[in-house]
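Structural description and commentary
Residue-level listing of the chains:
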Amino acid sequence: MTIKELTEIKESYIDERKKELEEGVATVDVHMGTCGIAAGGRNVFSALQGEIERLGIGRVKLRVTGCAGLCSMEPMITVHLPGQAPVKYGKLDAAKTREIFYSHVLGGRPKAEYAIGQGLEKPQKRVEIE
Amino acid sequence: MITLKVNDIEVTVPRGSTILQAAEKAGVFVPTLCHDKRIAPFGACRLCVVEDRKKPGSLIPSCFTPARDRMEILTETPAVLDAVRTQLQLILVNHPLDCPVCDKAGECTLQDLVIRYNITESPFGTERFARYVDRRSPLIERDMTRCVLCGRCVRICGELQGRDELEFLHRGHRTVVGTDGGRPLDCDFCGLCVSTCPVGALNDKLFKDRTRVWKLRQETTVCSHCGLACRADFHLEEGRLRRVTPAAASGGEKGLLCARGQFGWRAFESPGRLGAPKLRRDGALCEAGWDEAVGHAAKALDDIRRAHGAASIALLTADHLTTEEAAAWGAFWRDTLGGGPIGSIQAGGYRRILEILEGARGTRVAVGTLRDLDEANVLIVLGGGAAEMHPVLKPLVNGWMKKGDRQLAVVSSWPDALTRRATLALTVGPGLVEEFCAELLEALGPERINPPADLARFGIDSCALARLIGLLEEKRDIAVLVAPEPCGDNRHKARLAAYLQDRVRAVVPLGGQANSAGAVFEAGFTSGEVAVDGLSLVEAIEAGRIRALYLLGEDPLESLPDPSRVRQAMEKLDCIVCQGPFETAVTGLAHVVLPAALLHEKRGTVLSLLGEKRTLRPVLPPFGRSRPDGEILRALAAALGSEAVPRVPAAPAAQKTAIPSVGAVPRDAGQGMPFILEAVPSLFGDGILSRQSPDLAQLRRGLRVVMSAGDFERLGLAEREIVEVRTPFGCARAEAERDAAVPCSRLLLRHAAGSAAGLSLTRPGTSAVPAAIARIGT
Amino acid sequence: MISSVSKIAYCASRSCKFRKPIDVRSLLERALDELGYRDRIGLVETECLISCYQGPSIMFLPGGKVFQVLSEEHFTETLKGFFASLQHPTSPLLSEPRTEKEIPGIEHLDFFAKQKLIVLRNRGHIDAESIEEYIAHDGYLALYKALTAMTPEEVIGEVKLSGLRGRGGAGFPTGTKWEEARKYAAFPKYVICNGDEGDPGAFMDRSVMESDPHAVLEGMIVCGYAIGARQGYIYVRAEYPLALRMLRTAIDRAREKGFLGRNVLGTGFDFDIDIYPGAGAFVCGESTALMYSIEGKRGMPRIKPPRSTESGLWGRPTCLNNVETFANIPRIILNGGAWFRAIGTEDSTGTKVFSLTGAVKNVGLVEVPMGTDLRTIIFEIGGGIRGNARFKAVQLGGPSGGCLTEQHLHLPVTFDSLQDAGAMMGSGGVVVMDDTNCMVDVARFFTQFSVDESCGKCVPCRVGLKVMLGTLEKIIVGQGEPSDLALLERQANHIAATSHCGLGQAAPNPVLSTLRYFHDEYEAHIREKRCPALVCTDLIRFEIDAEACKRCGLCAKVCPVNAISWQKKEPAVLHQEKCIRCKSCIRACRFKAIH
């Protein structure tokens, strides 16, 4: 692995994400650290996965990431829509998740009553944007 | 060297010493419980805490903290005393107050400390733990209710003996010392755990409930079960031996003993102990007076000498004579009796090796000492069974291996204790050690006949072989131990050792008995010519060359293979004189029986195999009417008259019977004998003395045959099942044992000495024979 | 364009309060029938599609455009109009997101804004199982720099300059440790990552291992390069199965890409990492016990000297560091030691991750520069005490740490600053307590933990802690005597002064600090046989104070054995003979009327 190859991996990753952005792919990060799972994160994940399958939608990407840090608000998800600031949601269950899915992920309208905040923590950034 | 103060006493110690060592040198007492000089410090009891004047308030455990230059240590400040007191009070929370029934009372470290620090109350309450008492193990009783969890037994068994039999189980306040699965002890029974336990948790069953320690008188003497001659303390109560413990570790003393020394002392009072001289009259042995018996023996010997020559009287010695006695006997045998052949069975291998070493050098050889062993950084062991013949070698080698980059190379045909510890194990096929040594010599010797790589055909990994040769050529500090095979010739390994003599730091032959070293080196108690050993003796008797046998503690019937042939030969003899402590099989054939005293009943010096000289005083009076061998000699010499008998010219050197080269081991004799059997030495002793102990017999459990786990299961055997062992030479019943380290299709035969059936399985000179196992009843 | 729609979703949320009574499904079916699209377009029932007071609504999929269904009449026309208004098939958005102004920015939330992420920089942001993502976020660049542009000595120099100190609690200067391990010329050498995290209430390391395992690996490989080791081990407690899985995946991916194994990054440096799971012993978090555990032996701390850097795993020079310590290394290498040094305080540089738990509103992981004071952590980041409770104490460092009170909240948190107050930062566990916590019970809890986890080697910890626990239990069941307090102090000091390892030396800290700051609570337990916090069951009288009782009847409702009788407008009455002392009533009562 040379520095060239390392840079290539990084760049090809960024390119893939950029393409997704252009295609308008929405990304939902489900925070499934042990705390998230214990609070019911798997239900949230299954709910999202279930809806995506039922609707046969291709432009929503579901990811599993680790704990976002605010464990008292688990289960949490972060919704990234192209052109919008990411929104963190907390204290979810399957029903609320489905609402967010339709309202925000598909419909572009964040659900304020379940949201914690928008934007990313300071050193974090979306590499394909910045 | 660094200098520091302990309680304002200035003391200088080598750099790296602990504070405890400095305090000891300064003569200051520091309490310890979990500390034992023979093993590494542990830091568990925290009683050894001291304070440094420059850092008041901080308690330092002194047993492992290195001393530093200009430290000012204080051992009795209020903080230290309070800590020690509290610690003792905490230990007493769980310790049962068994003092009235506990054997350790009077020599119990905990008791001594509680008295010294005046602990009279228990502010923390008491809570006796429901721990177990192991009464099922042989020889050692473990009362875990009294255990203070100092870890000394665990550490001494693991670090020194290398057995790891005991371990801490569970954790925290539930910790208890035990074996895996809670089974009874099944170890070497070296007794080191008992010797190290500071309280009454580990007890010697031979001593338990017998008497109180303050009624005992302690005498330091020497263990006579093997040639290492370890120092031992005999504890006597009004002239009766009550127990034996290792002499304390200090100065040059290692403080080690083995099962034979620690637990084999009841041999001294065994029913087989001879108390009175006997004469054969009308076919039966009857008691006689000393003068009568000695006179009779003298006359018989004189007659035979005049009739057939001095060379027709052979002497076999088990080397239980002091050096002074051996010298006298040697002189007597040569000058007065004319110098018939002198040999040994129990120490035969040792003497043979020495003979070859001297032959090679042409002068009296100086064998390695304990110091050579300590300072060498490579140990090469030629031959298996070294640590079985001399069990204390195990902790010695274990301790040696810990000190830095040490290599232990072992050439053996079976997985003995040292092979399992070796960093370089060269395991050859059964019975091939001698051949291997011969070829290795040719490969190394000046002629370089064969390339070393050829040696791989003995079954050795060629990488390991290359490493061995590399070690030999590297010119590091090497010590070579030579372990003789009991029934073998041993000449090739001896010759190899002889070749290496000039190229290594030291050579140490093994296999010697209590004072073999003294007899050979200092007393010259050997034949001028080739000594006799098992096979040549029997052949010489059969050929009529030997007509009388003087046995000093030896018994060919109990030690040589093919006992029926030996018996036939012995019955041909004109005269057999048995001079020894015990009645054994040959006593039944003896014409004169002269009861001899044991080493610890005599005065004199002995020399150990590792060059340590010991001076002995009688610790016990000779048993019954037995006498020291030196006294018997004086009587014998007197009876023979002191006229200078013209020395009969030495008979032409008896042709040393060529013992068949071991390469001619008959492989599967085609009669369905899929195993190859080798007789191996026993940890619990094959000598007559060890076999007289009922306690060691309990550990031996009779003839034993050891096989691989796979073979054991394939045969469908149960634990300790008795099976029938058959070889082309004989048949015997033995207890089957499984051992994961034994290769497939191999059998190790233990405890054959003393068992006619066991001895019948092999032949002299053949160290490996084909064998078959059959279940009894099938 | 109609062809861009494959399904129509309609909300059928039964809990929707604003739903007009319209049967959307039949409406759609009829309309689609009339338009002739019935076969081509599927119907999907869903939950709420939009903010509730705008329901019912339908959404065109896959585009996601939402339309409200305001009336049933002329629905077919309406539907046709909706179709026509569709623009580009992939245009997903509707009108402007209405509620952007209602959702606060993260930078305005104290919990996030006041943190400074170095160790946790990737938290929740990357897929831990994807090495590409880690690389895309500047992963393995530090390794690259270290291996190709720096000598091992320079790496050590940078770490020393940074002032990084061990994050596992002991705070030993990391650069110095690496330097020591480098200097001994005995091989092979080992790098060990301590992921045993046994403190109850601490989960910082778990989070790093689960969310950003590659950061740990990168730190370890750099360490291996610096000291001359070829093998690393991560000791992870078996109670962290997700962390074990993530690390295993990460190691596999790293090996595939050539960051582990032979010839790392083509520089000729070999390094590999294996995982060793623990077996359930807290004491195996102590470094020498941990090494014995990896060797397959009993986990009991050994005597020192020699130090592990000289003779550790299998008697070889070993460098053991905490997960968090390693996670800091990549940033230190990339940004330089001076950058790290500028954060935090002079002798405690960089940041520290705390697991903030207990009675705070915002429970979670907090990473702040060293020197941040407790008040900021608890009341700003933590959001203060939850419910209507009051702050009572904060416990730092788990069973090895002490507690602090309100008067200490101004203290900065660093390695050394809390010692005079009788506490220590420890590995980062911060447990906040309110007035429903009994400090004697807290001391007992931590002492019980240490008793269970003691290895049993040395007398003061094995016996002393148990005796101390016995005294505490005595006090808690109401058999305490005045002399017990002096006894406790004596026992605690003895254990702390003479124990063999950190477990025992620090185990009395909870007792000592609660004795120091909550002496009156102990006194109440002993002299008045009363537990002010209403935790110690034997010291609760279970009587209802009729004057304080607000007659709400809640206690009677929650009592599982109907031991409380209550009538409207009357104070409740507790019948002692039926009471099982479960304390449900005490927890339910909002007026503290039950004692």
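The structure presented is a predicted model; accordingly, all values stated were derived computationally and were not measured. (Residues numbered from 1 in each chain as written. Chains lettered and ligands numbered in written order. Predicted model: local features only at pLDDT ≥ 70, side-chain atom pairs only at ≥ 80, totals over all residues. Heavy atoms only, no water.)

**Thoughts on the side chain of R152 of chain B**
Note the cut-off: Secondary structure counts use DSSP, requiring at least four H or I residues in a row for a helix and at least two E residues in a row for a strand, with both numbered from the N terminus. What makes two residues a contact is simply this: any of their non-hydrogen atoms within 4.5 Å.
Counting through the fold element by element, R152 of chain B comes out in helix α4 (residues 152-161). Residues within four places of R152 of chain B in sequence aside, it is in contact with L33, C34, H35, D36, I39, T196 and P198 of chain B.

**What about the interface of chain C and chain B?**
What counts is decided by this rule: Buried surface area refers to the total accessible area, computed with a probe of radius 1.4 Å, that the two partners give up upon joining, counted for both partners together. Here, a salt bridge means any side-chain nitrogen of Lys or Arg that lies within 4 Å of a carboxyl oxygen of Asp or Glu. In protein, a polar contact requires one atom able to donate a hydrogen and another able to accept it; more generally it is a pair of N or O atoms within 3.5 Å, and residues adjacent in sequence count only if both atoms are side-chain atoms.
Listed as interface residues are 30 residues of chain C and, on the opposing side, 32 residues of chain B. Here chain C meets chain B over a buried area of about 2500 Å², counting both sides, of which 59% is carbon and sulfur. Of all residues in chain C, R298, R490 and H494 of chain C bury the most surface against chain B, accounting for 21% of the area lost on that side. In this assembly, chain C and chain B are joined by 2 salt bridges. Between R171 of chain B and E453 of chain C there is a salt bridge whose closest N-O contact spans 3.2 Å. Linking chain C to chain B there are 18 residue pairs in polar contact (both at pLDDT 80 or more).

**Details of the sheet that holds strand β1 (residues 2-6) of chain B**
Residues and elements named next belong to chain B. Defined as follows: Strand pairing is defined by DSSP finding a minimum of two bridges between the two strands. To obtain an axis, a line is fitted to C-alpha atoms, over the contacting stretch when the element is a helix, and the angle between two such axes runs from 0 to 180 degrees between their N-to-C directions.
With mixed pairing, the 5 strands of this open sheet are ordered in space as β2-β1-β5-β3-β4. Each edge of the open sheet is held by one strand with a lone partner, namely β2 (9-13) and β4 (55-61). On average, adjacent strands in this sheet sit at an angle of 35° to one another, irrespective of strand direction. Pairing geometry for β1 and strand β5 (residues 72-74), over 2 bridges, is parallel. Bridge assignment links V6 to a residue of β5, and that residue is I73.

**Looking at the domain arrangement of chain B**
A common way to state how big an interface is: give the accessible area lost once the parts meet. Residues and elements named next belong to chain B. Short version of the rule: Residue ranges assigned to the domains are those given by an automatic or database domain assignment.
Here chain B is described as being made up of domain 1 (2-92), domain 2 (100-111 + 121-269), domain 3 (278-347 + 517-640), domain 4 (350-511) and domain 5 (665-775). Relative to domain 5, the C-alpha centre of domain 3 lies at a distance of 31 Å. Residue-level contacts link 17 residues of domain 3 with 13 residues of domain 5. Note on domain 3 versus domain 5: buried area summed over both sides is about 1200 Å², and carbon and sulfur give 68% of it. In terms of surface lost to domain 5, no three residues of domain 3 exceed E558, P561 and F582, which account for 42% of the buried area on that side. At the boundary of domain 3 with domain 5, the tally comes to 2 salt bridges. Measuring nitrogen to oxygen at the nearest pair gives 3.3 Å for the salt bridge that ties R763 to D562. Counting across the interface, domain 3 meets domain 5 through 5 residue pairs in polar contact (both at pLDDT 80 or more).

**Points about the sheet that holds strand β4 (residues 87-89) of chain A**
Residue and element names in this part refer to chain A. Taken in spatial order, the 5 strands line up as β2-β1-β3-β4-β5 in an open sheet, and their pairing is mixed. With partners counted over all chains shown, the strands left at the sheet margins are β2 (60-65) and β5 (115-118), one partner each. In this sheet, adjacent strand axes meet at a mean angle of 20° when their direction is disregarded. Relative to β4, strand β3 (residues 77-80) runs antiparallel, the two being bridged by 3 bridges.

**Observations regarding the pairing of strand β14 (residues 429-434) of chain C**
Residues and elements named next belong to chain C. The criterion, for reference: Only protein chains enter the accessibility calculation, which uses a 1.4 Å probe; a residue whose area is less than 20% of its type maximum is buried, one above 50% is exposed, and one in between is partly exposed.
Here β14 lies mainly inside the structure; 6 of its 6 residues are buried. Covered by surrounding structure in β14 are G429, V431 and M433 together with V430, V432 and D434, the residues of both alternating faces. Of the strand pairs in this sheet, strand β10 (residues 351-358) and β14 are connected by 4 bridges, and their pairing is parallel. Each residue of the ladder has a partner; that of T357, found in β14, is V431. Taken together, the 5 bridges between strand β12 (residues 391-396) and β14 define a ladder with antiparallel strand orientation. Counted as the bridge partner of F391 is D434 from β14.

**Some points on the interface of chain A and chain C**
With 57 residues of chain A at the contact, the number on the chain C side is 69 residues. Together, the buried faces of chain A and chain C total about 5200 Å²; carbon and sulfur atoms form 60% of this surface. Looking at the side of chain A facing chain C, the largest losses of area belong to M1, R109 and Q118 of chain A, adding up to 13% of the total buried there. At the boundary of chain A and chain C, one finds 21 residue pairs in polar contact (both at pLDDT 80 or more). Counting only elements with at least two residues in the side of chain A that touches chain C, the list comes to α1 (3-23), β1 (26-31), α2 (34-39), α3 (41-55), β2, β4, α4 (94-106) and β5 of chain A.

**Some thoughts on unusual backbone geometry**
Excluding glycine, residues mostly carry a negative phi; peptide bonds, for their part, are mostly trans. With an omega of -5°, the peptide bond running from E74 of chain A to P75 of chain A counts as cis. The topology assignment puts P75 of chain A in the loop between β2 and β3. Omega for the peptide link from K304 of chain C to P305 of chain C comes to 15°, which places this bond in the cis form. Its place among the elements puts P305 of chain C in the loop between α11 (287-294) and β9 (318-322).

**Thoughts on the pattern of salt bridges**
Residue and element names in this part refer to chain B. Across all of its chains, the model carries 97 salt bridges over all chains by this definition. One salt bridge connects R146 with D98, and the closest N-O pair in it is separated by 3.0 Å. Of this pair, R146 sits in the loop between β7 (140-143) and α4 while D98 sits in the loop between α2 (78-94) and α3 (109-116); the two residues are 48 residues apart in sequence, bridging distant segments of the chain. Here R146 matches D98 in class, with each residue buried. Between R714 and D711 there is a salt bridge; the shortest N-O distance is 2.9 Å. Remark: D711 and R714 occur in helix α24 (residues 709-714); sequence separation between them is 3 residues, near one turn of the helix. A residue is classified by how much of its surface remains accessible, and R714, at 57% relative accessible area, is exposed. Given a relative accessible area of 2%, D711 falls into the buried group.

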